[in-house]
Amino acid sequence: MDYSKETGEESLESYEMEKTKISLMRILVEKQDPSSKEVDDLTFRRFLRARDLDVQKASAMFLKYLKWKRNFVPNGCFSPSEVTHEIEQNKMFLQGSDKKGRPISVLLAAKHFQRKGGVEEFKRFIVFSFDKIFERMPPGQEKFIVIGDLEGWGYANSDIRAYLAATSLVQDYYPERLEKMFIVHAPYIFMTAWKVVYPFIDDKTRKKIVFVDNKTLKSTLLEEIDESQLPETYGGKLPLVSIHDS
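Rules used throughout
- Residues numbered from 1 in each chain as written.
- Predicted model: local features only at pLDDT ≥ 70, side-chain atom pairs only at ≥ 80, totals over all residues.
- Heavy atoms only, no water.
- Salt bridge = Lys/Arg side-chain N within 4 Å of Asp/Glu carboxyl O.
- Helix = DSSP H or I, 4+ residues; strand = E, 2+ residues; numbered from the N terminus.
- Buried < 20%, exposed > 50% of the residue type's maximum accessible area, 1.4 Å probe, protein only.
- Expected span 1.5 Å × (residues − 1).
- Contact = heavy atoms within 4.5 Å.
- Arc of directions from axis to C-beta.
- Core = buried A, V, L, I, M, F, W, Y, C linked by side-chain atoms within 4.5 Å.
- Pairing = 2+ DSSP bridges.
- Axes fitted to C-alpha atoms, helices over the stretch in contact; angles between N-to-C directions.
- Right-handed = clockwise from strand over helix to strand, strands pointing away.
- pLDDT = per-residue confidence, 0-100.
- 1 Å grid on protein atoms, 1.4 Å probe; cavity = no way out; pocket = protein on both sides within 12 Å on 5 of 7 lines; lining within 4 Å.
- Points joined across faces, edges and corners; volume = space filled by probe spheres on them.
- Nonpolar A, V, L, I, M, F, W, Y, C, P; charged D, E, K, R; others polar.
- Parallel < 35°, antiparallel > 145°, perpendicular 65-115°, else oblique.
- Left-handed = near helix turned anticlockwise from the far one by under 90°.

Observations concerning the pattern of salt bridges
If you walk through the whole model with that rule in mind, you get 18 salt bridges. Taking the shortest distance from any N to any O, the salt bridge between Glu142 and Arg46 comes out at 2.7 Å. Linking Glu142 in the loop between α5 (118-135) and β3 (144-149) with Arg46 in helix α2 (residues 41-50), this pair joins segments that are 96 residues apart in sequence. On the accessibility criterion, Glu142 (12% relative accessible area) is buried.

Printed below as a string of structure tokens:
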């Protein structure tokens, strides 16, 4: 495992502790699921960090992930033909990266409607989107940024089941992947849906979600993203690129 980018920030003691716990976790997990031998240490580390370096809890979480992956994504990934209704809505975009090289995804929430295919296809679309994002990550980077744009969002777009499904995927199966989610242009009526979803969001994820005021939108985004990498719609230079075309 290459920790070279982090050893300057983390103490040697923390590095050694994580390294030891990854080895212990690998032993525990491999005994119950030999397929985990193919998994790299960085993946084990993400699950460990999600459970505050508790080896038992991280192992249980990881075994649950492996079982889910085999059942839900038996072919290892989803093709566009398996998420056609979601792609037709053209609501997810991927372009540029923040100042640390993390890919930037934009979600236009007002383009989401409950459609034929239901929440199962929506979950497949989230996994499809994550795979696209991960392909864009430079070596040594594990996280990504999301700009959740709620401009024009109304009750017709509200989909609590989809929001809860996305929350579960991020927290249970893709831990320590989301760096930050900027929620922009949030209308007051969105808070009705937010109050339903919020209790299901764990503390770690809550800290990564930032509601941005319209008056400080560009300046807030520029703290994390260079103007050359910021989408045009937020005062930057890049056009939005549909995630299925990225």
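More follows now that the structure is in view.
Some remarks on α5
Given a rise of 1.5 Å per residue, 18 residues ought to cover 26 Å, and the 26 Å separating the end C-alpha atoms of α5 matches this to within 8%. Those residues of α5 that sit buried are Val119, Glu121, Phe122, Phe125, Ile126, Val127, Phe128, Ser129, Phe130, Lys132, Ile133 and Phe134. Looking at the buried positions of α5, the neighbouring elements they touch are α3 (55-72), α4 (84-88), β1 (92-97), β2 (103-108), β3 and α6 (160-173).

Looking at helix α7 (residues 190-197)
Those residues of α7 lying buried are Phe190, Ala193, Trp194 and Val197. The arc that holds the buried residues of α7, viewed along the axis, is 105°, so those residues lie on one side.

Section: the nonpolar core
Ranked by size, the top nonpolar core spans 43 residues in total, and within it Met25, Phe62, Trp68, Phe130, Ile133 and Phe144 carry the most contacts. The set of elements that each furnish at least two residues to this core consists of α1 (12-32), α2, α3, β1, α5, β3 and α6. When residues in this core are grouped by element, the largest group, nine residues, is from α3. When residues no more than four places from it in sequence are discounted, the contact partners of Phe144 are Arg102, Pro103, Phe130, Ile133, Phe134, Met137, Arg177, Leu178, Glu179 and Lys180. Membership of the second largest hydrophobic core comes to 14 residues, among which are Ile104, Ile145, Val184 and Val212.

Topic: the sheet that holds β3
As a general point, the strands of a sheet are linked pairwise by backbone hydrogen bonds and lie either parallel or antiparallel. Taken in spatial order, the five strands of this open sheet run β1-β2-β3-β4-β5, and their pairing is mixed. Edge strands, defined here as strands with exactly one partner in the open sheet, are β1 and β5 (209-212). The mean angle between the axes of side-by-side strands here comes to 20°, regardless of whether they run parallel or antiparallel. Where β1 meets β2, four bridges bridge the pair, whose relative direction is antiparallel. Following the sheet pairing, Met92 is matched in β2 by Leu107. Its contacts with the sheet place helix α9 (residues 217-224) against β3, β4 (178-184) and β5, and it is angled at close to 170° to β4.

A few points about the pairing of β4
Each regular strand carries side chains that alternate between the two faces of the sheet. For β4, a buried count of five out of seven residues is recorded, marking the element as mostly surrounded by other parts of the structure. Strand direction decides the pairing type here: β3 and β4, joined by six bridges, are parallel. Counterpart to Gly148 in the pairing with β4 is Ile183. Handedness of the β-α-β unit built from β3, α6 and β4 comes out right-handed. Inspection of the sheet shows β4 paired to β5 by four bridges, in the parallel sense. Note that in β5 the partner of Phe182 across the bridge is Val210.

Quick notes on the confidence of the model for the protein chain
For the protein chain, per-residue confidence averages 94 on the pLDDT scale, and 96% of positions sit at 70 or higher. Note on residues 2-7: pLDDT under 50 across the span, and eight contacts to partners over four residues away in sequence or across chains.

A short note on the layout of surface pockets
What the second largest pocket holds in volume is close to 210 Å³. Of all the secondary-structure elements, those providing two or more residues to the lining of the second largest pocket are α2, α3 and α5. Element by element, the count of residues in the lining of the second largest pocket is highest for α2, at four residues. Here the residues of the lining of the second largest pocket sort into seven nonpolar, one polar and five charged.

Digging into the packing of α6 against α7
One way to put it is that α6 packs onto α7 with a least axis distance of 10 Å and a crossing angle of 50°. Taken as axis vectors, α6 and α7 run oblique relative to one another. In this structure, α6 meets α7 at a crossing whose hand is right-handed. Of the residues in α7, those touching α6 at Ile160, Tyr163, Leu164 and Thr167 are Ala193, Val196 and Val197. Taken together, the residues of the contact of α6 with α7 break down into six nonpolar, one polar and no charged.

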